[in-house]
2 protein chains.
Amino acid sequence: MANEAARTRVAVLGAGGWGTALAVHWSRAGRDTLLWAHNAKRLDAIRSAGENRDLLPGVPVPPGLKFSASLEEAAAFAKTIVLAIPSKAVGGLTGRLAALVSSDHILVSAAKGLSIAADGTPRRMTESIRDALGAGCRCGVAVLSGPSHAEEVGRGLPTTVVVAGDRAESLRDSLSTSSFRIYTSSDVIGVELGGALKNPIAIAAGIGLGLGAGDNALGALVTRGIAEITRMGVACGADARTFAGLSGIGDLVATCTSPHSRNRRVGVELAKGKPLDQVLRELGMVAEGVESSRVASDWAGRLGIELPIIGAVNRILFQGAAPRQEVGQLMTRSLKDEF
Amino acid sequence: MANEAARTRVAVLGAGGWGTALAVHWSRAGRDTLLWAHNAKRLDAIRSAGENRDLLPGVPVPPGLKFSASLEEAAAFAKTIVLAIPSKAVGGLTGRLAALVSSDHILVSAAKGLSIAADGTPRRMTESIRDALGAGCRCGVAVLSGPSHAEEVGRGLPTTVVVAGDRAESLRDSLSTSSFRIYTSSDVIGVELGGALKNPIAIAAGIGLGLGAGDNALGALVTRGIAEITRMGVACGADARTFAGLSGIGDLVATCTSPHSRNRRVGVELAKGKPLDQVLRELGMVAEGVESSRVASDWAGRLGIELPIIGAVNRILFQGAAPRQEVGQLMTRSLKDEF
C-alpha cells in the first residue's frame, strides 16, 4: 500500500467545495494531485488566496497542489480522475474526456445525484459516465461515497467512505490516508443510490427542523428514510446490506444531522414558506436533493414503489404542497405493527 | 381506540425527567394519570412549582395530574403502571409491587438499561420485572422504547415509539396520542436491547465529539454502532429487523446526535480527561450507559461476541484507558471490504 500510495497521481475535476476538499486532502497527504476546473479564473483566485475562499474558506491549499483548466492536461497528468462536479454536468464533461482517456484510466464519480438520459430514463452517475464514454472505451469507472462533508475532509477530520466499481481495491489502497479511510464494496448500485437518495431525506429533515420538530422526530425520520431508500435500492438491483453501511445509513445520518448539509438548509428555508427558486438563489450552491427528489419520485412511480418521504418532498418542491400539511400526513399514518 | 383511550388510567412510577414527561404528556392528552415517586417532598415541590424544576424545567404540569408517594395507591389507581425509574431500581420496586398487582395489571418498562441478577446473569428490564414478580404472578409485562427525549415528550414535540410484550396492541391504542405515536413489535428482546445498548454508543459519540471529531465520524460511528448492537441482539435471540426500526437505529440516532443525551454528555466530559466519578457527580442524573457498558461487555465476553465500540467505552470508563488511544484504534482497523 505504501508503494502504491507513493506513486499515486490523482486529478480532481471540479473546484467546488467537495473537489477542493478532496484535492487539498490528497495533496497534503503526499499524493501528487492536480485540481481541474473549467473556470481558469476560479483556479487563479484559489491559488492566489491560498484557499477556496468562496466554497471552502479556512482550508489552506498545500504548496504542492497543481492547478489546470485544461482537461487534456488533467488526463495526461493522472490515470485516476475523480469527478467532483454537479451531477447534471457529469455526462457532458465525461463526453469531453472520452477521447482523452485510455484503458489505464479510471473515472471515479464523487457526485451524489441522479440524472435523466436523453431517452428519459433515470441514470446513476456511473451509468451516465459509461453512456458518455461510449461502448468502445475501456476506461475504468467507479464510485466513491459515504459520510463526507467537504468542510471536514478539507480539515483532515476523520472520515470513512466506500469505493465500488472497477479496480476498487487499487483505489482503496492508493487513495486512503490516515484520516480518510476507504473501504471497498462490490455493490455499485447500492453505493450510488445511497448517496443520491439521502439528499431528499435531508431536505425532509430540514423541513422538520424548520417546522420545530426535535431530535425524537429526527430519529424517526432517519429510520423511515433508510427503509425507504433500501426499498427503492433493492428494486433497482442493489444489495440491502449496503444501506446498513457507510454509504447508506452512515451518510444519511451525517447529512440529516449536520449544519454542513446544503440539502438540509434547503428544507429549513422551504419550511419558512420561501419559494424554491429564492431558496436556491440564496444558497448559491447546488443542492443535489432537489433534482434527485424529482427523478426518484418519477422513477419509483414507474417501478410501482411507494416513497412516502421523498414523494412528500417532491410535492413540496415542485407541486406547491404545504410543508406542514405534508409532514402532518407522514406523522399520522395509522397505528399498527412497526414492520 | 377513542373509547379505550377515554377510559385509560395510567400510573407513572418515577418523577425524574422521563417519568415526569410521560405523566405530563398523558395527563395533558386526557388520560387519567397519577405520578408516583418514593420521595413525597419531590412530588410536593413539583406540585407547588407547577413544574419539575430540577429535572424537566419549563414544562408545566397540567392541573389534572395526580400525585402520590404510596405504591398501594398507585396500583389501586391504574391497571397500567409505567416504570420510569433507573434500571438498577426496577427489580426492587417491582418486588414491592408484586403483592399489589393482579392479572389485570400490566407493568410497562420505560427504563433503558441492563441489570445483573443475584446469580450474576445479565438481565433485561422485563426479565428483572418477571424475576421480581415471581413465578405465581399473572401480571402482564411489556416494554416501551424508541427515540424519546423527555424534554421533547414533555413539550409535546412529535415522537414515535414501540411497545412490545403482553397486551401490546391494547397499550398502543390506549397510550398513543396525536404527538406520541406508539407502534407494536413482537420482539421484546430486540426492543429492550436496542434501548439499553444505544447508551454506550452515545457515550462513544460524546467522546468523539469531545476529541474534536465531526459529523463524518459520527455517521461512521452510528453505522458501526448499530451493526454492533444488532450482532449482540441477534446472539441474544432478537430479530435483526428490530434494530433497523424506531427502537434500534431510530433511538441510536436521536441519542448520539442530541444535546439532550446525558450519556453523550458523559462522553464529552470523559474526553476532557475528567475521572468518571467526577463526571457522574457533576451530571447529577443517571446515565444508564455507564452500567450498560460494563454489563454488555461482560455478557459479550461470555457469548464470545466482539463489541469493539462498547468494549472501548468500557475500558475508558472502568479500566483507565485513554480516550484518544481507544478512538484511534477504532479508526485504524485494517482497510478491507466493508462487510
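Heads up: the structure comes first, above all this text.
No experiment lies behind these values; they were computed from the predicted model shown. (Residues numbered from 1 in each chain as written. Chains lettered and ligands numbered in written order. Predicted model: local features only at pLDDT ≥ 70, side-chain atom pairs only at ≥ 80, totals over all residues. Heavy atoms only, no water.)

(A) Region of interest: the sheet that holds strand 10 (residues 180–185) of chain A. All names here are of chain A. Taking strand neighbours across the sheet as the criterion, the eight strands line up as 3-2-1-4-5-8-9-10 in an open arrangement whose pairing is mixed. The open sheet is flanked by strand 3 (66–68) and strand 10, the only strands paired with a single partner. Within the sheet, the average angular offset between the axes of one strand and its neighbour, ignoring direction, is 25 degrees. Here four bridges tie strand 4 (residues 80–83) to strand 5 (residues 106–109), and the two strands are oriented parallel to one another. Each residue of the ladder has a partner; that of Ile-81, found in strand 5, is Leu-107. Strands strand 4, strand 5 and strand 8 (140–145) of the sheet are contacted by helix 6 (residues 125–133), whose axis makes an angle of about 155 degrees with strand 8. (Pairing = 2+ DSSP bridges. Helix = DSSP H or I, 4+ residues; strand = E, 2+ residues; numbered from the N terminus. Axes fitted to C-alpha atoms, helices over the stretch in contact; angles between N-to-C directions. Contact = heavy atoms within 4.5 Å.)

(B) Structural view of the pairing of strand 2 (residues 32–36) of chain B. Residues and elements named next belong to chain B. Burial within strand 2 is extensive, with four of its five residues counted as buried. Of the pairings in the sheet, the one linking strand 1 (residues 9–13) to strand 2 comprises five bridges and is parallel in character. What sits directly across from Ala-11, in strand 2, is Leu-34. Handedness of the crossover joining strand 1 and strand 2 through helix 2 (residues 17–28): right-handed. As paired strands, strand 2 and strand 3 (residues 66–68) are joined by three bridges and run parallel to one another. Within strand 3, the residue paired with Leu-35 across the bridge is Phe-67. This β-α-β element, strand 2 to helix 3 (residues 40–49) to strand 3, shows right-handed connectivity. (Buried < 20%, exposed > 50% of the residue type's maximum accessible area, 1.4 Å probe, protein only. Right-handed = clockwise from strand over helix to strand, strands pointing away.)

(C) Inspection of the sheet that holds strand 4 (residues 80–83) of chain B at higher detail. Residue and element names in this part refer to chain B. Strand order across the open sheet formed by eight strands is 3-2-1-4-5-8-9-10, with mixed pairing between neighbours. Because the sheet does not close on itself, it has two edges, and the strands there are strand 3 and strand 10 (180–185). Each adjacent strand pair in this sheet contributes to an overall mean axis angle of 25 degrees, direction not counted. Sitting on the sheet, helix 5 (residues 87–97) touches strand 1, strand 2, strand 4 and strand 5 (106–109), and the angle it makes with strand 4 is about 155 degrees.

(D) The interface of chain A and chain B, seen in detail. Taken together, the contact between chain A and chain B spans 55 residues of the former and 55 residues of the latter. Regarding the contact of chain A and chain B, the summed buried area is about 4,300 Å², with carbon and sulfur atoms giving 59% of it. A per-residue breakdown of the area chain A buries against chain B is headed by A:Tyr183, A:Asn216 and A:Leu335, which together make up 19% of the total. The interface formed by chain A and chain B holds zero salt bridges in total. For the pair chain A and chain B, the number of links is 20 residue pairs in polar contact (both at pLDDT 80 or more). Of all elements in the fold, only helix 7 (150–154), strand 9 (159–165), strand 10, helix 10 (215–235) and helix 11 (246–256) of chain A reach the threshold of two or more residues within the side of chain A that touches chain B. In terms of residues, the side of chain A that touches chain B owes the most to one element, helix 10 of chain A, which gives nine residues. Taken together, the residues of the side of chain A that touches chain B break down into 22 nonpolar, 23 polar and ten charged. (Buried area = accessible area lost by both parts, 1.4 Å probe. Salt bridge = Lys/Arg side-chain N within 4 Å of Asp/Glu carboxyl O. Polar contact = N/O pair within 3.5 Å; in protein donor to acceptor, adjacent residues only side chain to side chain. Nonpolar A, V, L, I, M, F, W, Y, C, P; charged D, E, K, R; others polar.)

That's the geometry; what it means functionally is another story.
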